[in-house]
Amino acid sequence: MATACARHILVKTAAEAEKLKQQLAKGADFAQLAKRHSLCNSRKRGGDLGEFRRGQMAKPFDDVVFKKPLLTVHGPVKTRFGYHLIETIYRDR
């Protein structure tokens, strides 16, 4: 089964996610923004979710992690938890 490692920033609104994405595009540190703004407990680790298998995350999240280019910030991605900015660090297939 495919596995991946990703980090994310979870916020309440798409507008907030877009604002953070613009900061990232200008060179802001992903981990620092995650620690400051993310609603997920992973914020303590700079948004790092560690390694997980396909199907363990919400489908929209999984689709980004297992289909989109690596080491690129994608989003905002909407799930029932809120809006995510997602960066896949690595994956195997």
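These numbers come from a predicted model, not from an experiment.

1. Remarks on the environment of Ala58
Then, in step 1: With respect to the helices and strands, Ala58 occurs in the loop between strand E2 (48-53) and helix H3 (59-67).
Then, in step 2: Given a relative accessible area of 26%, Ala58 falls into the partly exposed group.
Then, in step 3: Separated by 10 residues in the primary sequence, Ala58 and Lys68 have C-alpha atoms spaced 15 Å apart.

2. Points about the side chain of Thr79
Then, in step 1: Within the fold, Thr79 resides in strand E3 (residues 73-79).
Then, in step 2: The exposure class assigned to Thr79 is buried, which follows from its relative accessible area of 7%.

3. Regarding H3
Then, in step 1: Among all positions in H3, only Phe61, Asp62, Val64, Val65 and Phe66 are buried.
Then, in step 2: For H3, the secondary structure elements touched by its buried residues are strand E1 (3-11), E2, E3 and strand E4 (82-91).

4. Details of unusual backbone geometry
Then, in step 1: A cis geometry characterises the amide bond from Gly75 onward to Pro76, with omega recorded as 10 degrees.
Then, in step 2: Relative to the helices and strands, Pro76 resides in strand E3.
Then, in step 3: We note that Leu71 has phi near 55 degrees; this positive angle belongs to a residue other than glycine.
Then, in step 4: Within the secondary structure, Leu71 sits in the loop between H3 and E3.
Then, in step 5: Judged by relative accessible area, which is 57%, Leu71 ranks as exposed.

5. Quick notes on the packing of aromatic side chains
Then, in step 1: Scanning the entire structure with this criterion turns up 2 aromatic pairs.
Then, in step 2: Within the aromatic cluster, the residues linked to one another by ring pairs are Phe52, Phe61 and Phe66.

6. Re the pattern of salt bridges
Pairs may arise between side chains of opposite charge once their charged atoms sit close together.
Then, in step 1: Counted according to the given criterion, the structure contains 3 salt bridges.
Then, in step 2: A salt bridge links Glu87 to Arg7, with the shortest nitrogen-to-oxygen separation between them at 2.5 Å. Here Arg7 lies in strand E1 and Glu87 lies in strand E4, a separation of 80 residues in the sequence.
Then, in step 3: A salt bridge links Asp63 to Lys67, with the shortest nitrogen-to-oxygen separation between them at 3.7 Å. Highlighted residues: Asp63 and Lys67, both in helix H3, separated by 4 residues, approximately one helical turn.
Then, in step 4: When its relative accessible area of 56% is taken as the criterion, Lys67 is described as exposed.

What counts, and where the lines are drawn
- Residues numbered from 1 in each chain as written.
- Predicted model: local features only at pLDDT ≥ 70, side-chain atom pairs only at ≥ 80, totals over all residues.
- Heavy atoms only, no water.
- Helix = DSSP H or I, 4+ residues; strand = E, 2+ residues; numbered from the N terminus.
- Buried < 20%, exposed > 50% of the residue type's maximum accessible area, 1.4 Å probe, protein only.
- Contact = heavy atoms within 4.5 Å.
- Phe/Tyr/Trp six-rings, centres within 6.5 Å; stacked < 30°, edge-to-face > 60°.
- Salt bridge = Lys/Arg side-chain N within 4 Å of Asp/Glu carboxyl O.

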